[in-house]
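Structural overview for review
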Amino acid sequence: MAVIKLSESKINFVKEVCKSFGNKAGEVINVLHKVQGEFGYLPAEVQELVAKELNIPVSRVYGIVSFYSLP
């Protein structure tokens, strides 16, 4: 797992987005879409943080990110 190199404000943003969707694993696509809107892309550090907050494997997040083309 990569060391998170995000600023505290970015970390808090991701956590708040996850929280706004109830930290539910089933909302992962919605969370990723909203987070990508802020970052412009989904770096590994963000994927790992989303996985942690939603209590799902990083591999699931990576699989979604690599499969879907989020506008």
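Structure: above.
Report follows, based on the coordinates. (Residues numbered from 1 in each chain as written. Predicted model: local features only at pLDDT ≥ 70, side-chain atom pairs only at ≥ 80, totals over all residues. Heavy atoms only, no water.)

Running from amino to carboxyl end, helix α1 (residues 8–20) crosses helix α3 (residues 44–54) at an angle of 40°, the nearest separation of the two axes being 10 Å. When the interaxial angle is binned, α1 and α3 end up oblique. As for the relative orientation of α1 and α3, their crossing is right-handed in sense. Contacts between α1 and α3 involve Ile-11, Val-14, Lys-15 and Cys-18 from the former and Val-46, Leu-49, Val-50, Glu-53 and Leu-54 from the latter. Partitioning the contact of α1 with α3 into residue classes produces seven nonpolar, no polar and two charged. (Axes fitted to C-alpha atoms, helices over the stretch in contact; angles between N-to-C directions. Helix = DSSP H or I, 4+ residues; strand = E, 2+ residues; numbered from the N terminus. Parallel < 35°, antiparallel > 145°, perpendicular 65-115°, else oblique. Left-handed = near helix turned anticlockwise from the far one by under 90°. Contact = heavy atoms within 4.5 Å. Nonpolar A, V, L, I, M, F, W, Y, C, P; charged D, E, K, R; others polar.)

The tally for this structure, following the rule as stated, stands at one salt bridge. The partner of Lys-10 in a salt bridge is Glu-38, and the shortest N-O contact between them spans 3.1 Å. Of this pair, Lys-10 sits in helix α1 while Glu-38 sits in helix α2 (residues 28–39), and the two are 28 residues apart along the sequence. On the basis of relative accessible area, Lys-10 is assigned to the partly exposed category, the value being 28%. Among the residues examined, Glu-38 registers a relative accessible area of 39% and is labelled partly exposed. (Salt bridge = Lys/Arg side-chain N within 4 Å of Asp/Glu carboxyl O. Buried < 20%, exposed > 50% of the residue type's maximum accessible area, 1.4 Å probe, protein only.)

What follows covers the packing of α3 against helix α4 (residues 58–67). One can describe the packing of α3 onto α4 by two numbers: an axis separation of 8 Å at closest approach and a directional angle of 125°. Taken together, α3 and α4 sit at an angle that is classed as oblique. Handedness of the α3/α4 crossing: right-handed. The segment α3 lies against α4, with Gln-47, Glu-48, Val-50 and Ala-51 engaging Val-58, Val-61, Tyr-62 and Val-65. Counted by class, the contact of α3 with α4 contains six nonpolar, one polar and one charged residues.

With that out of the way, let us pick up α1. With 13 residues, α1 ought to run about 18 Å at 1.5 Å a step, and its terminal C-alpha atoms sit 18 Å apart, in line with that. Those residues of α1 that fall on the buried side of the exposure criterion are Ile-11, Val-14, Val-17 and Cys-18. For α1, the angular spread of the buried residues around the axis is 125°, confining them to a single face. Facing away from the buried surface of α1 by more than 90 degrees, the exposed residues are Glu-8, Ser-9, Lys-19 and Ser-20. Looking at the buried residues of α1, the elements they touch are α2 and α3. Phi turns positive one or two residues past the end of α1, at Gly-22, with a value near 75°. (Expected span 1.5 Å × (residues − 1). Arc of directions from axis to C-beta.)

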